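Each chain, letter by letter, is given below.
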Amino acid sequence: MAEQIQYRPADAKRFRSETESEMAQFESRVAEINGLLDELYESGVIRWLKDFTGAMPEISTIALEGMNTPQGRAGFRNLLVLAQQLGRIDPDRLERTLAAAQVGLDKAGEPADENTPYNPPGMTGVFKLMHDKELWSALAPLIAGAKAFSAARREQAEGSEQTETKPEPGET
């Protein structure tokens, strides 16, 4: 004779505790994704992405036509060189340098008004400026940078002259 099946529907509807915690995490993630999608829709980003992907064939055609010119190839190569050089610079150092340059540009961009005193230093004033420690501490990095730039350009010029005058193998 067959045995009776022991099936309890109430037990079948309960989840294990691990499954319940996983489902709660999943539900919270789905809620976050839905919130993100709502914000993207309300800000118009989704519409822009839809329009952009719809226009992708035309955009890619225009981009490829522009890159298939000597200027496009040179521009792309210049971007690669710039990216390589930026990769060699410490980001914190670059940020400090650009912030200092911004302060300097802001100060240099301030217009002089009629009340700005113009006192030419004269001969004795020039002599005093030659011994002004603050002035030289400000100019020293600029002068050192100009010297390094000039030396590097000179080395590059000498290197390119050597490669231009060097005969190819097999030439006499």
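Residues numbered from 1 in each chain as written. Predicted model: local features only at pLDDT ≥ 70, side-chain atom pairs only at ≥ 80, totals over all residues. Heavy atoms only, no water.

Looking at an unreviewed UniProt entry, the protein carries the name DUF1641 domain-containing protein, with the source organism given as Salinisphaera orenii YIM 95161.

Chemist: Report on the overall build of the protein, specifying residues and quantitative values.
Modeler: Across its full length, the protein carries eight helices and zero strands. Of the regular secondary structure in the protein, the N- to C-terminal order runs α-α-α-α-α-α-α-α. With 172 residues in all, the protein has 1% of them scored as buried. In the form shown here, the protein has an accessible surface area of approximately 16,600 Å², with 60% of it arising from carbon and sulfur atoms. (Helix = DSSP H or I, 4+ residues; strand = E, 2+ residues; numbered from the N terminus. Buried < 20%, exposed > 50% of the residue type's maximum accessible area, 1.4 Å probe, protein only. Areas by Shrake-Rupley, 256 points an atom, 1.4 Å probe, with all protein chains shown as cover.)

Chemist: A description of the packing of aromatic side chains should follow, citing residues and the corresponding values.
Modeler: Here the structure, examined in full by the defined rule, presents one aromatic pair. Measuring from centroid to centroid gives 5.3 Å for Trp48 and Phe52, while their planes differ by 15°, and the two rings are stacked. With Trp48 and Phe52 both in helix H3 (residues 45-54) and four residues apart, the pair spans about one turn of that helix. A relative accessible area of 52% places Trp48 in the exposed class. Under the relative-accessibility criterion, Phe52 is labelled partly exposed at 31%. (Phe/Tyr/Trp six-rings, centres within 6.5 Å; stacked < 30°, edge-to-face > 60°.)

Chemist: If you had to explain the pattern of salt bridges to someone new, which residues and values would you point to?
Modeler: Applying the stated criterion across every chain yields a total of one salt bridge. For the salt bridge of Glu110 with Lys107, the shortest nitrogen-to-oxygen distance reads 3.7 Å. (Salt bridge = Lys/Arg side-chain N within 4 Å of Asp/Glu carboxyl O.)

Chemist: Break down the packing of H3 against helix H4 (residues 56-67) for me, with residues and values.
Modeler: In a pair of packed helices, the angle between the axes and the distance between the axes together describe the arrangement. Interhelical geometry of H3 versus H4 gives an angle of 60° and a closest axis separation of 5 Å. In terms of their interaxial angle, H3 and H4 are classed as oblique. Residue-level contacts link Phe52, Thr53 and Gly54 of H3 to Met56, Pro57, Glu58 and Ile59 of H4. (Axes fitted to C-alpha atoms, helices over the stretch in contact; angles between N-to-C directions. Parallel < 35°, antiparallel > 145°, perpendicular 65-115°, else oblique. Contact = heavy atoms within 4.5 Å.)

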